[in-house]
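# Descriptive structure summary
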Amino acid sequence: MLRGIPNCLSPDLLKVLAEMGHGDTLVIGDAFYPSASSARHSMLVRADGVRATELLDAILHFFPLDAPVKAPVLIMDKQECDKDIPTPIWEEYRQIVRRHDPRGDDCIGMIERFDFYKAAEHAYAVVATGETALYGCIILQKGTL
């Protein structure tokens, strides 16, 4: 046991976060995201039953976002056919990022679904969560301390 480590951060995920270097990216996928196939060229870490928001908050306690990059946080944007679907999780993500990065909303970008999939192909790791909110996928780019 370690003190101060949130329970949602498994030993496997902590190892991945520690191994990541400056510029590496981490995908946090919702329950609908094709995490296993997306991680074909990287690592898959399971976080079943954990909300992506809980995981994001826990990760950002330890994970510096890339400062020189305009948007080190990328949220999967809705497709035109889904434009009317509510996405309250986006505001939850924004609130969490605001707590952990002084740039707040300025370090968050939106990325089209299929561009998200392409970007995820280059991720260091993909975390499969139990998040059931639609369009709850996000990519984080690691910075330096």
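Residues numbered from 1 in each chain as written. Predicted model: local features only at pLDDT ≥ 70, side-chain atom pairs only at ≥ 80, totals over all residues. Heavy atoms only, no water.

The next subject is the pattern of salt bridges. Applying the stated rule across the entire model yields 9 salt bridges. One salt bridge connects Glu 91 with Arg 98, and the closest N-O pair in it is separated by 3.2 Å. Taking relative accessible area as the criterion, Glu 91 reaches 36% and is therefore assigned partly exposed. Taking the shortest distance from any N to any O, the salt bridge between Arg 103 and Asp 101 comes out at 2.9 Å. On the basis of relative accessible area, Asp 101 is assigned to the buried category, the value being 9%. (Salt bridge = Lys/Arg side-chain N within 4 Å of Asp/Glu carboxyl O. Buried < 20%, exposed > 50% of the residue type's maximum accessible area, 1.4 Å probe, protein only.)

Residue placement: Val 27 occurs in strand 1 (residues 25-29). Taking the relative accessible area as the measure of exposure, Val 27 reaches 0% and is therefore buried. Discounting chain neighbours no more than four positions away, the residues touching Val 27 are Tyr 33, Phe 116, Ala 120, Ala 123, Ala 125, Val 126, Val 127, Ile 138 and Ile 139. (Helix = DSSP H or I, 4+ residues; strand = E, 2+ residues; numbered from the N terminus. Contact = heavy atoms within 4.5 Å.)

With 45 residues, the main nonpolar core has Leu 55, Leu 56, Ile 59 and Leu 140 as its most contacted residues. Take this core: its biggest share by element is 6 residues, from helix 3 (residues 52-60). Filtering out sequence-adjacent residues up to four positions away, Leu 56 remains in contact with Ile 28, Tyr 93, Ile 96, Val 97, Ile 138 and Leu 140. (Core = buried A, V, L, I, M, F, W, Y, C linked by side-chain atoms within 4.5 Å.)

Position of Lys 142 relative to the elements: it lies in the segment after strand 6 (138-141). Comment: no salt bridge for buried Lys 142; closest opposite-charge side chain is Asp 24, at 7.1 Å. Within the structure, Lys 142 has its side chain in polar contact with the backbone oxygen of Leu 17 (distance 2.8 Å). (Lys, Arg positive; Asp, Glu negative; His and termini not counted. Polar contact = N/O pair within 3.5 Å; in protein donor to acceptor, adjacent residues only side chain to side chain.)

So, about the side chain of Thr 87. Here Thr 87 shows up in the loop between strand 3 (73-76) and helix 4 (88-100). Judged by its relative accessible area of 15%, Thr 87 falls in the buried class. Apart from residues lying up to four places away in sequence, Thr 87 is in contact with Lys 78, Leu 134 and Tyr 135.

Covalent bonding between the sulfur atoms of two cysteines is what defines a disulfide. Overall, the coordinates contain 0 disulfides when judged by the stated rule. You can see Cys 107 has no disulfide; the closest cysteine sulfur is in Cys 137, sitting 18 Å from it. Residue classification places Cys 107 among the buried residues on the basis of a relative accessible area of 0%. Note on Cys 137: no disulfide assigned, nearest cysteine sulfur contributed by Cys 81 at a separation of 15 Å. (Disulfide = S-S within 2.5 Å.)

Fair warning: the whole summary comes from geometry, so function is off the table for now.
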